Amino acid sequence: MLTFNLDSNSKTPLYEQLYYRIRNELETGGIKSGEKLPSKRELASHLKVSVVTVETAYSQLAAEGYITSRPGSGFYAEAVQYRTQPENSSIYIPEKSCCKNYKYNFKTNMVDTGLFPFSTWAKLSRETLSEQSPELLSACDSRGIYELRLEISDYLKSFRGIEVHPDQVIIGAGSEYLTGLIIQLLGRNLVYGIENPGYTKIFKIFNSHCLKILPIPMDELGAECGFIKNSKADAVHITPSHHFPLGTAMPVSRRTEILNWAYSSPNRYIIEDDYDSEFRFSGKPVPAMKSLDSRDRVIYINTFTKSLAPSMRISYMILPPKLLEKFMKELGFYACTVPVFEQLTLSKFMGRGHFERHIRRMKKLYRQRRDTLTESIESCKLKNYVSLKGLDSGLHVLMKLNNGMNEKQLVESAAKENVKVYGLSEYYSFGKEKVPKSCIVAGYSGLDEKEITQGIKCLEQAWT
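Residues numbered from 1 in each chain as written. Predicted model: local features only at pLDDT ≥ 70, side-chain atom pairs only at ≥ 80, totals over all residues. Heavy atoms only, no water.

**Observations regarding the packing of aromatic side chains**
No. 1: Summed over the entire model, instances satisfying the criterion amount to 18 aromatic pairs.
No. 2: Centre to centre, the rings of Phe279 and Tyr366 are 5.6 Å apart; their planes meet at 75 degrees, and the pair counts as edge-to-face. With Phe279 in the loop between strand S9 (269-273) and helix H11 (289-292) and Tyr366 in helix H14 (residues 354-378), the pair connects residues that are 87 residues apart, well separated along the chain. For the pair shown, Phe279 and Tyr366 are each scored as buried. (Phe/Tyr/Trp six-rings, centres within 6.5 Å; stacked < 30°, edge-to-face > 60°. Helix = DSSP H or I, 4+ residues; strand = E, 2+ residues; numbered from the N terminus. Buried < 20%, exposed > 50% of the residue type's maximum accessible area, 1.4 Å probe, protein only.)

Okay, structure coming up:
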């Protein structure tokens, strides 16, 4: 007779407990195929439960094909593939990060989330929910909703000098996703040039696609054009308006040289990453390379990560007409990866001038923080050892030190003072042995002015 311990105090009903016990016996071979099960009354009497409990359990087992009812005879076990014991295989669980929480972290990919216009965004979100609820539940164009693409094209014309039709704008959840689409459009058989040093995630993306990657060295004007011309590169990924991490702004003469390189062969393209072009603090805005492109060889990428918030996974790219046609034919089946709700809200935010006002406010505050950084260095002993590059734009600076310490010593001594800084070598994907000595990359957008001042004082203790 089948004997099971059923718990009448459990939240799981008795019939369900009985069902699972019998099913387990059938799956593990405790009850053999063709074996007759006890009658409902016998099993109910043996287990001290109601006949209804047994009947319900048997009915579920029969519905799932574990047992069969034979009229006038009873219930019999069906042939079941016995469940084998699991192998002694371990599941990989990543170790918890042991990264120290530093009091002052000069991280480069941070923004001050306290500056986000929550009240305005909330108001526009409520308006979107109340007035456009049918659109929120409908699929949109694979390129994104037209309203947002129109606002982006208007913005690019006004602030970046780029004449582009809304149909050329492709919206996606982050520059990484859009870069993957570009790789599919251009092909995996090309040689891709990337800046070295540069944004290391670009190398990881290209490398994950098993592409042929060519490191492009940098000089005082940006990516070395002579190297590109003499290389086998078919496409190059560059940050001409503000190089990361060196802070270089490529002059128009160099941009024109690289454009002419692209024009000299029918299938060459330039991927222009304009990631923080909104934050230029002195002089006139540097024109985007795309605005100089007369033959449609520049693929332009930008993002709202720096201007709004890192969690705002909304980026966009501008495709030349030839690639747009290919995208619609070959990749148009992709669904847009940004929710319609966020797109509609952002289109209102831009269309009503909130984005422009927000950028002006952020530029003012970030300029103050940059000035606090430079003034703090000038007012202490560090002024004798530190020179700064990349002050005109962006949210980070490059520190060159001549205090006799190497990069490792600079980072470790800063850590002892509870300050996190980043060595330039971290941004080299190739040839780390060629890294300039004693260079530190420091972002300041995630710290307020008081924290910047205190952080520099700690670095003075560490480096002098």
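**Thoughts on the pairing of strand S8 (residues 235-238)**
No. 1: Residues Ala235 and His237 of S8 are buried on one face, and the alternating residues Val236 and Ile238, pointing to the opposite face, are buried as well.
No. 2: The pairing of strand S5 (residues 191-196) with S8 spans three bridges and is parallel. Bridge assignment links Tyr192 to a residue of S8, and that residue is Ala235.
No. 3: Bridge analysis of S8 against S9 gives four bridges, and the strand direction is parallel. Across the sheet, residue Ala235 finds its bridge partner in S9, namely Tyr269.
No. 4: The parallel pair S8 and S9, bridged by helix H10 (residues 252-263), forms a crossover whose chirality is right-handed. (Pairing = 2+ DSSP bridges. Right-handed = clockwise from strand over helix to strand, strands pointing away.)

**With respect to the pattern of salt bridges**
No. 1: On inspection of all chains with the given rule, the structure shows 18 salt bridges.
No. 2: Ionic pairing is found between Asp167 and Arg143, a salt bridge with its closest N-O pair at 3.9 Å. Of this pair, Asp167 sits in the loop between helix H6 (146-159) and strand S4 (169-172) while Arg143 sits in the loop between helix H5 (133-136) and H6, and the two are 24 residues apart along the sequence.
No. 3: Here Asp167 falls in the partly exposed class, since its relative accessible area comes to 28%.
No. 4: For Arg143, a relative accessible area of 11% puts it in the buried group.
No. 5: In this structure, the salt-bridge partner of Asp371 is Arg370, at a minimum N-O distance of 2.9 Å.
No. 6: Residues joined in a network through salt bridges with shared partners are Asp141, Arg143, Arg149 and Asp167. (Salt bridge = Lys/Arg side-chain N within 4 Å of Asp/Glu carboxyl O.)

**Quick notes on the packing of helix H4 (residues 118-131) against helix H13 (residues 340-351)**
No. 1: Packing of H4 against H13 brings their axes to within 9 Å, and their N-to-C directions diverge by 120 degrees. Compared by their axis directions, H4 and H13 come out oblique. The handedness of the crossing between H4 and H13 comes out as right-handed. Across the interface between the two elements, Thr120, Trp121, Leu124, Ser125, Glu127, Thr128 and Leu129 from H4 touch Phe341, Leu344, Thr345, Leu346, Lys348 and Phe349 from H13.
No. 2: Tallied by class, residues from the contact of H4 with H13 come to seven nonpolar, four polar and two charged. (Axes fitted to C-alpha atoms, helices over the stretch in contact; angles between N-to-C directions. Parallel < 35°, antiparallel > 145°, perpendicular 65-115°, else oblique. Left-handed = near helix turned anticlockwise from the far one by under 90°. Contact = heavy atoms within 4.5 Å. Nonpolar A, V, L, I, M, F, W, Y, C, P; charged D, E, K, R; others polar.)

**As for the pairing of strand S12 (residues 386-389)**
No. 1: When S12 meets strand S13 (residues 396-401), the two strands line up antiparallel, connected through four bridges. Following the sheet pairing, Leu388 is matched in S13 by Met399.
No. 2: Taken together, S12 and the strand that follows it, S13, pair antiparallel across an intervening segment of six residues, in which Gly390 is found at a positive phi of about 80 degrees.

**Description of the side chain of Thr372**
No. 1: Positionally, Thr372 belongs in helix H14.
No. 2: In this structure the side chain of Thr372 is engaged in a polar contact, spanning 3.2 Å, whose partner is the side chain of Glu449.
No. 3: The contacts of Thr372, once residues within four sequence positions are left out, are Glu449, Ile452 and Thr453. (Polar contact = N/O pair within 3.5 Å; in protein donor to acceptor, adjacent residues only side chain to side chain.)

**Considerations on helix H3 (residues 51-63)**
No. 1: For H3, which comprises 13 residues, the first-to-last C-alpha distance of 18 Å matches the rise-based estimate of 18 Å (1.5 Å per residue) to within 8%.
No. 2: For H3, every residue scored as buried is listed here: Thr53, Val54, Ala57, Tyr58 and Leu61. Projection of H3 onto a plane perpendicular to its axis shows the buried side chains occupying an angular sector of 125 degrees, all on one side. Of the exposed residues in H3, those oriented more than 90 degrees away from the buried face are Val52 and Ala63.
No. 3: Contacts made by the buried residues of H3 are with helix H1 (14-28), helix H2 (40-47), strand S1 (67-70) and strand S2 (74-77).
No. 4: Looking at the residues trailing H3, positive phi occurs at Gly65, about 85 degrees. (Expected span 1.5 Å × (residues − 1). Arc of directions from axis to C-beta.)

**Observations regarding unusual backbone geometry**
No. 1: The residue after Asn196, namely Pro197, is reached through a cis peptide bond having omega 10 degrees.
No. 2: Take Pro197: it is sitting in the loop between S5 and helix H8 (200-208).
No. 3: At the junction of Phe244 and Pro245, the peptide bond is cis and its omega measures out at 10 degrees in the coordinates.
No. 4: Here the phi dihedral of Asn418 falls at roughly 70 degrees; this positive angle occurs in a residue that is not glycine.
No. 5: Notably, Ser438 is not glycine yet its phi reads approximately 55 degrees, a positive angle.
No. 6: Position of Ser438 among the secondary structure elements: in the loop between strand S15 (422-423) and strand S16 (439-443).

**Observations regarding the nonpolar core**
No. 1: Counting residues in each nonpolar core, the largest one holds 63 residues, and the members touching the most others are Phe106, Met399, Ile456 and Trp463.
No. 2: Leave out the neighbours within four places in its chain, and Met399 touches Leu373, Ile377, Val386, Ser387, Leu388, Ser438, Cys439, Ile440, Ala442, Ile456 and Trp463.
No. 3: Counting residues in each nonpolar core, the second largest holds 28 residues, with Val236, Leu246, Leu259 and Val441 among its members. (Core = buried A, V, L, I, M, F, W, Y, C linked by side-chain atoms within 4.5 Å.)

**Details of the sheet that holds S12**
No. 1: Here we have four strands laid out as an open sheet, ordered S12-S13-S16-S15, and antiparallel in their pairing. Each edge of the open sheet carries a strand with a single partner, namely S12 and S15.
No. 2: Of the pairings in the sheet, the one linking S13 to S16 comprises five bridges and is antiparallel in character. Opposite Leu398, over in S16, you have Val441 as the bridge partner.
No. 3: Sheet strands touched by helix H15 (residues 407-416): S13, S15 and S16. Its angle to S16, the strand with the most contacts, is close to 40 degrees.

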